[in-house]
Amino acid sequence: MSETNPIEALAALESDALAAIAAAADPEALERVRITYLGRSEGRISAILRGLGAMPPEERPAVGQRANEVKGVVNEALDARATELEGGAAAAGEDLTLPSRRPWKGGLHPITQAIDEIWAIFRDLGFVRARGPEADTVWYNFEALNTPLDHPAADEQDTLYLADSVLLRSHTSPVQVRTMEAYEPPIRIVAPGWVYRRDTYDATHTPAFMQIEGLVIDEGVTFVDFKGTLAEFARRYWGPDTQVRFRPSFFPFTEPSAEVDVKRVITRPDGTREETDWLEIMGAGMVDPNVLASVGYDPERYTGWAFGMGPARIAMLKHGVDDLRTFFENDMRFLGQFAS
Ligand code: DAH
């Protein structure tokens, strides 16, 4: 470059660049031409402009002016060619006004989100996560839980049998039994998972659904621990103003048993606050001594409490969803609203 007159060199660059622009057949080729001549670090015209400082001072103004001129001409030619190429694409039937496709954004299913939120609260309260098989035996699903097969409570949880005494579990409570068999107290577990029932598919039932089981066993665990921990959970989940009510109920594996209800305080868009109706969120109770005995624990030494809740129901309450089926129909217009 130093050998040639820079003004002549610029003229040559200009005609080379214009020829290359005219020859560029598509936008990518055109972009490569732009980089060759005007690219910030390697561009040949850019290099001359950058080299101005090293030239004899009397040459600088003329070379600088010419270099800027060439840059302007090349830029204009690039723009003009770009427009031409677009026109060609449009002529070829491409609709260049069509918005680009939005990339898929993954998200957790609303029921998975509810499980994660519920789990996080119990984790902070010192619980660990446990799991058990979805195909289990009559012993784990019913008998060890103080529920003889001819007990009416077993009818309510009719399920699919895979073999004589092997079934799809009708609740997550068998995880209680399996955990107690495998470990000595103290036990503090939360066990989410699928369960199955002979239920008709409607707005509030699905034959396969999620439950979250909880179990606490130790020496000296009382009804106060039971109520206090579950009330604390409800307030952490739904806010400190949430009221909690324990209604007497019956489950074969707890004595006494309760249904736990919450009354939430919601803030309307205009800022006014309103109490909801009482809503049932779980079944629970003090673990029946017969259950402790069935796993070989000494019921005189250990006591505990347990609960079972449906995260889908909790997700419905949280999001104001009134038909459970929408969670399972995989309509992305519905599910996409929960992607965060
Ligand atoms: N297993 C019960 C059901 O599916 C729910 C339940 C109630 C679980 C009380 C418990 C409990 O652990 O203590 O209906």
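Please read all numbers here as calculations on a predicted model, not as lab measurements. (Residues numbered from 1 in each chain as written. Predicted model: local features only at pLDDT ≥ 70, side-chain atom pairs only at ≥ 80, totals over all residues. Heavy atoms only, no water.)

Engineer: Explain the site of the ligand to me, using residue names and the numbers behind them.
Structural biologist: Residues in close proximity to the ligand total 16 residues, the closest being His171, Gln176, Arg197, Gln211 and Glu213. Side-chain polar atom of histidine 171 to a nitrogen atom of the ligand: 2.9 Å apart, as the coordinates give it. Between an oxygen atom of the ligand and a main-chain N or O atom of phenylalanine 307, the distance comes to 3.2 Å. When the ligand is considered free in solution it has 350 Å² of accessible area, and contact with the protein chains removes 93% of it. Of all elements in the fold, only strand E6 (208-218), strand E11 (279-287) and strand E12 (303-309) reach the threshold of two or more residues within the shell around the ligand. Here the shell around the ligand is built from residues that sort into five nonpolar, nine polar and two charged. (Near = heavy atom within 4 Å. Polar contact = N/O pair within 3.5 Å; in protein donor to acceptor, adjacent residues only side chain to side chain. Areas by Shrake-Rupley, 256 points an atom, 1.4 Å probe, with all protein chains shown as cover. Helix = DSSP H or I, 4+ residues; strand = E, 2+ residues; numbered from the N terminus. Nonpolar A, V, L, I, M, F, W, Y, C, P; charged D, E, K, R; others polar.)

Engineer: Summarise the side chain of glutamine 211; cite the residues concerned and give the values.
Structural biologist: Residue position: glutamine 211 is located in strand E6. Among the polar contacts made by the side chain of glutamine 211, one reaches the main-chain amide nitrogen of threonine 172 at a distance of 2.8 Å. In this structure glutamine 211 touches His171, Thr172, Ala191, Pro192, Gly193, Val195, Arg197, Met309 and Pro311, once residues within four positions along its chain are discounted. (Contact = heavy atoms within 4.5 Å.)

Engineer: Residues and numbers for the pattern of salt bridges, please.
Structural biologist: Counting across every chain of the model gives 17 salt bridges. Among the salt bridges present, the one from glutamate 31 reaches arginine 34, with a minimum N-O distance of 2.9 Å. In this pair, glutamate 31 and arginine 34 both sit in helix H2 (residues 27-38), three residues apart, roughly one turn of the helix. Using a relative accessible area of 33% as the deciding quantity, one classes arginine 34 as partly exposed. The shortest N-O distance in the salt bridge between lysine 263 and glutamate 275 comes to 4.0 Å. A residue pair is termed long-range when its members are at least 10 positions apart, and lysine 263 in strand E8 (residues 254-263) and glutamate 275 in strand E10 (residues 273-275) qualify at twelve residues. Taking the relative accessible area as the measure of exposure, glutamate 275 reaches 46% and is therefore partly exposed. (Salt bridge = Lys/Arg side-chain N within 4 Å of Asp/Glu carboxyl O. Buried < 20%, exposed > 50% of the residue type's maximum accessible area, 1.4 Å probe, protein only.)

Engineer: Tell me about the side chain of threonine 242, residues and numbers included.
Structural biologist: With respect to the helices, strands and loops of the structure, threonine 242 is situated in the loop between helix H9 (223-238) and strand E7 (243-251). Excluding anything up to four places from it in sequence, threonine 242 contacts Ala234, Arg235, Val262, Lys263 and Arg264.

Engineer: Which residues make up the packing of helix H1 (residues 6-23) against helix H4 (residues 60-91), and what values do they have?
Structural biologist: Running from amino to carboxyl end, H1 crosses H4 at an angle of 5°, the nearest separation of the two axes being 10 Å. The orientation of H1 with respect to H4, classified from their angle, is roughly parallel. Seen from H1, the contacting residues are Pro6, Ile7, Leu10, Ala11, Glu14, Ala17, Leu18, Ile21 and Ala22; seen from H4, they are Ala62, Val63, Arg66, Ala67, Val70, Val73, Val74, Ala77, Leu78 and Arg81. Per-class residue counts for the contact of H1 with H4 are 16 nonpolar, no polar and three charged. (Axes fitted to C-alpha atoms, helices over the stretch in contact; angles between N-to-C directions. Parallel < 35°, antiparallel > 145°, perpendicular 65-115°, else oblique.)

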